Amino acid sequence: AICGGDVKKDNGHIQSPNYPDDYRPSKVCVWKITVSEGFHVGLTFQSFEIERHDSCAYDYLEIRDGSSEASSLIGRYCGYDKPDDIKSTSNKLWMKFVSDGSINKAGFAVDECSRPNNGGCEQRCVNTLGSYKCACDPGYELASDKRRCEVPGPCPAQDRSARGDAEAGPRGVCFPGKKECPWAITTTAGHRVKLTFTELDIEAQQECTYDHLEIYNGKDAKAPVLGRFCGAKEPEPIISSGNKMFLKFVSDNSVQKKGFEATHSTVCGGQMRAEVKTKDLYSHAQFGDNNYPGGSDCEWVIMAEEGYGVELIFQTFEIEEEADCGYDYMELFDGYDGTAPRLGRFCGSG
């Protein structure tokens, strides 16, 4: 290995003379490391074995925070314990290795990743023997470009359960940059999707142009927009008009935050469009598995194209029976709301 010299690059590898074999006696090697302007130098030791002495008076490695021997001393090192990672306060770092004429050891190997660009790594720059590699924080995996980090596997795409969760970013860590995640939520026919936020922490911007969560009133991004959200203020619960809701979370490649967490549930009632093809309508989201819940008050508006009527064909009907249907009942109106002419009130079974 070269004994000292000017190192002018953002990533590299430095080692003692003759490494990994024992270094030679009576050596003095000085390295002056310079990385790009506005960056810092970060050192990580891969191995370290220099003759031990209480004050490192014989063989030692000296590191200074600057460009010369007059710069502020970061530390003088010897022994067999690897020093902690070292970071300069400027774009320059000065190193000197000294060996006397007696005991020789294996020496040291150190790699440097310039900061803050971190060797081009989005999250972590890990030094390896003679080089470096990018790595990711827990909850992420390295992307195909070997520099960016992303959530493992594909983004969640569909959720057909009556209740569930939607979130961006594993709990306790920031979501990765340059990400686009869609969720298509579908509940029981004739009911609506309700989205309730428990946490929101997305890069704030007045128009939510950068990182944002966009919510659509339908099955995909072609549906009407219910809202675009960013910042740290949790929105009020959002309810779709039909049984589908589409979410799209977008992050750019700059600022990352924790993301969002929300739960979705089913709200009875909603708007439906009648077509030539028969559609299903259920009294409650868990029809077939459980009886309808108490305290329900559900309204549906069923619309057809101009010039057409709406026909209801009951396949199953079982509601608490009472002479005047004063308890549980279903009521039909020939119009848009409860002020329209009533077609009937129904209960019992048949």
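This text gives an overview of the structure that appears in the document.

Criteria and cut-off values
Residues numbered from 1 in each chain as written. Predicted model: local features only at pLDDT ≥ 70, side-chain atom pairs only at ≥ 80, totals over all residues. Heavy atoms only, no water. Phe/Tyr/Trp six-rings, centres within 6.5 Å; stacked < 30°, edge-to-face > 60°. Helix = DSSP H or I, 4+ residues; strand = E, 2+ residues; numbered from the N terminus. Buried < 20%, exposed > 50% of the residue type's maximum accessible area, 1.4 Å probe, protein only. Lys NZ or Arg CZ within 6 Å of the ring centre and 35° of its normal. Pairing = 2+ DSSP bridges. Axes fitted to C-alpha atoms, helices over the stretch in contact; angles between N-to-C directions. Disulfide = S-S within 2.5 Å.

1. So, the packing of aromatic side chains
Summed over all chains, the structure comprises nine aromatic pairs. Ring geometry for Tyr 23 against Phe 97: centres 5.0 Å apart, planes inclined by 75°, an arrangement best described as edge-to-face. Remark: Phe 97 occurs in strand S8 (residues 92-99) and Tyr 23 occurs in the loop between strand S2 (11-15) and strand S3 (27-34); sequence separation between them is 74 residues. What makes Tyr 23 buried here is its relative accessible area of 1%. We classify Phe 97 as buried; its relative accessible area is 0%. When the ring of Phe 197 is compared with that of Phe 229, the centres are 6.2 Å apart and the planes differ by 55°; the resulting orientation is tilted. With Phe 197 in strand S17 (residues 191-201) and Phe 229 in strand S19 (residues 225-229), the pair connects residues that are 32 residues apart, well separated along the chain. There is no split in this pair, since Phe 197 and Phe 229 are both buried. A network of ring pairs unites the aromatic residues Trp 183, Phe 197, Phe 229, Phe 249 and Phe 260 as a single cluster. Across the ring face of Tyr 60, the terminal group of Arg 76 is positioned such that the distance to the ring centre comes to 3.7 Å. The cationic tip of Arg 345 hangs over the ring face of Tyr 329; the distance from NZ or CZ to the ring centre is 3.7 Å.

2. What to know about the sheet that holds strand S6 (residues 72-77)
With mixed pairing, the five strands of this open sheet are ordered in space as S1-S3-S8-S5-S6. What marks the edges here is a single partner per strand, and that holds for strand S1 (5-8) and S6. Each strand axis lies, on average, 15° off the axis of its neighbour in the sheet, ignoring direction. Both S1 and S3 contribute to a ladder of four bridges, which runs parallel. Note on S3: the bridge partner recorded for Val 7 is Ile 33.

3. Structural notes on the state of the cysteines
Scanning the entire structure with this criterion turns up five disulfides. Note that Cys 56 is cross-linked by a disulfide to Cys 78, the S-S spacing being 2.2 Å. In this structure the cystine formed by Cys 56 and Cys 78 twists about its S-S bond by roughly -80°; its chirality is therefore left-handed. Here Cys 56, found in the loop between strand S4 (40-49) and strand S5 (60-65), pairs with Cys 78, found in the loop between S6 and strand S7 (86-87); they are 22 residues apart in sequence, far enough to count as distant. Judged by relative accessible area, Cys 78 falls into the buried class, the value being 15%.

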